[in-house]
Amino acid sequence: MGIQVIDLSQEIYQGMPVFPPHQKTMIFPNMSHEESRQKLGFEFATNNLIINEHGPTHSDAIYEYDPQGPTIDEMPLEYFYGPAVCLDVSHVSPDSYVTRQNLEEALRRGYLHLDKGDIVLLYTGHYSRAYGTEEWLTRYTGLDYEAAKWLAEQGIVNIGIDAPSIDNPLDTRFSGHLICREYRMTNTENLCNLDKIAQKRFLYFGLPLKIRKGTGSPVRAVAVFVD
């Protein structure tokens, strides 16, 4: 039996793009090898991190958009791992929306199906197209309300995307997050490498840190294929 693991997580580094309202990522030395050797007689090095829960590749707690919802430490881990499918919607314009028709067409094209409890990742091509440019945070597609609702009605527990949000930045309704609130789902944003798994089924793992009362958490997202 062979196992292949595809890393779907963005690199975390100082200066990485982060939504303007959020804390910028900061990484700085706590102790160097030289300092520890002088003070403790043994070499080791550590860094300090200052990071927003929603800065890098991350999942949202339902609490983020529902004050009555569970925080990240209270959510069952089944939200963050399990059977998954990645749908190719990269033909959708960044100035438009991913529709139910787009999702259904992608499923038919790949002879794929959705089961209750599945995780759905959306390959929009935005990471490959715009990461590191001014458009990364300002111009990308997202789910419209009906598409997000349709996914929720299929029993999906987690919607992921290779963009800063599952919502088009022009969408003042925040349709994807609105559906996540209504159906008590999570979503995972700032994924990458979805081109490597588009139109495939696999096991997904993106476990959050157990942050007490957290509104979300960075995750190390991976797709696992078992032959």
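Preceding block: the structure.
Residues numbered from 1 in each chain as written. Predicted model: local features only at pLDDT ≥ 70, side-chain atom pairs only at ≥ 80, totals over all residues. Heavy atoms only, no water.

1. Some points on the overall build of the protein chain
When helices and strands are tallied, the protein chain shows 6 helices and 13 strands. The C-alpha radius of gyration computed for the protein chain amounts to 18 Å, which stays within 12% of the reference 17 Å derived for 227 residues, consistent with globular compactness. Taken along the three principal axes of its C-alpha coordinates, the protein chain extends 65 × 45 × 35 Å. Within the span of the protein chain, comprising 227 residues, buried residues form 50% of the whole. Counting only contacts in the protein chain whose residues sit at least 6 apart along the sequence, the fraction spanning at least 24 positions is 74%. Within the structure as shown, the protein chain displays about 11,500 Å² of accessible surface, and the carbon and sulfur contribution to it stands at 52%. (Helix = DSSP H or I, 4+ residues; strand = E, 2+ residues; numbered from the N terminus. Rg over C-alpha atoms; globule rule 2.2 N^0.38 Å. Buried < 20%, exposed > 50% of the residue type's maximum accessible area, 1.4 Å probe, protein only. Contact = heavy atoms within 4.5 Å. Areas by Shrake-Rupley, 256 points an atom, 1.4 Å probe, with all protein chains shown as cover.)

2. Focus: the environment of Asp60
Among the secondary structure elements, Asp60 is positioned in strand S4 (residues 58-60). In the structure, Asp60 is positioned 127 residues away from Asn187 in sequence and 5.8 Å away in space, judged by C-alpha atoms. Among the polar contacts listed, one links the side chain of Asp60 to the side chain of His177, at a separation of 3.2 Å. (Polar contact = N/O pair within 3.5 Å; in protein donor to acceptor, adjacent residues only side chain to side chain.)

3. Regarding the packing of aromatic side chains
Scanning the model with the defined rule gives 6 aromatic pairs in all. A connected cluster of aromatic rings, assembled from ring pairs, spans Tyr127, Tyr131 and Trp136. One Lys or Arg, Arg173, reaches over the ring of Tyr145 and ends 4.7 Å from the middle of that ring. The positively charged end of Lys200 is found above the aromatic ring belonging to Phe225, 5.8 Å away from the centroid. (Phe/Tyr/Trp six-rings, centres within 6.5 Å; stacked < 30°, edge-to-face > 60°. Lys NZ or Arg CZ within 6 Å of the ring centre and 35° of its normal.)

4. Description of the packing of helix H5 (residues 145-153) against helix H6 (residues 175-183)
Between H5 and H6, the least distance of the axes is 8 Å, while the angle of their chain directions is 30°. Our classification of the angle between H5 and H6 gives roughly parallel. When the axes of H5 and H6 are compared, the crossing they make is right-handed. Between H5 and H6, the residues in contact are Tyr145, Ala148, Lys149, Ala152 and Glu153 and Ser175, Gly176, Leu178, Ile179, Glu182 and Tyr183, respectively. (Axes fitted to C-alpha atoms, helices over the stretch in contact; angles between N-to-C directions. Parallel < 35°, antiparallel > 145°, perpendicular 65-115°, else oblique. Left-handed = near helix turned anticlockwise from the far one by under 90°.)

5. Structural notes on the sheet that holds strand S9 (residues 158-161)
Strand order across the open sheet formed by 9 strands is S1-S13-S11-S5-S7-S9-S10-S4-S12, with mixed pairing between neighbours. Unpaired on one side and paired on the other, strand S1 (3-7) and strand S12 (216-218) mark the two borders of the sheet. Here the average twist between neighbouring strands, direction ignored, is 25°. Sitting on the sheet, helix H3 (residues 100-109) touches strand S5 (81-88) and strand S7 (119-123), and the angle it makes with S5 is about 100°. (Pairing = 2+ DSSP bridges.)

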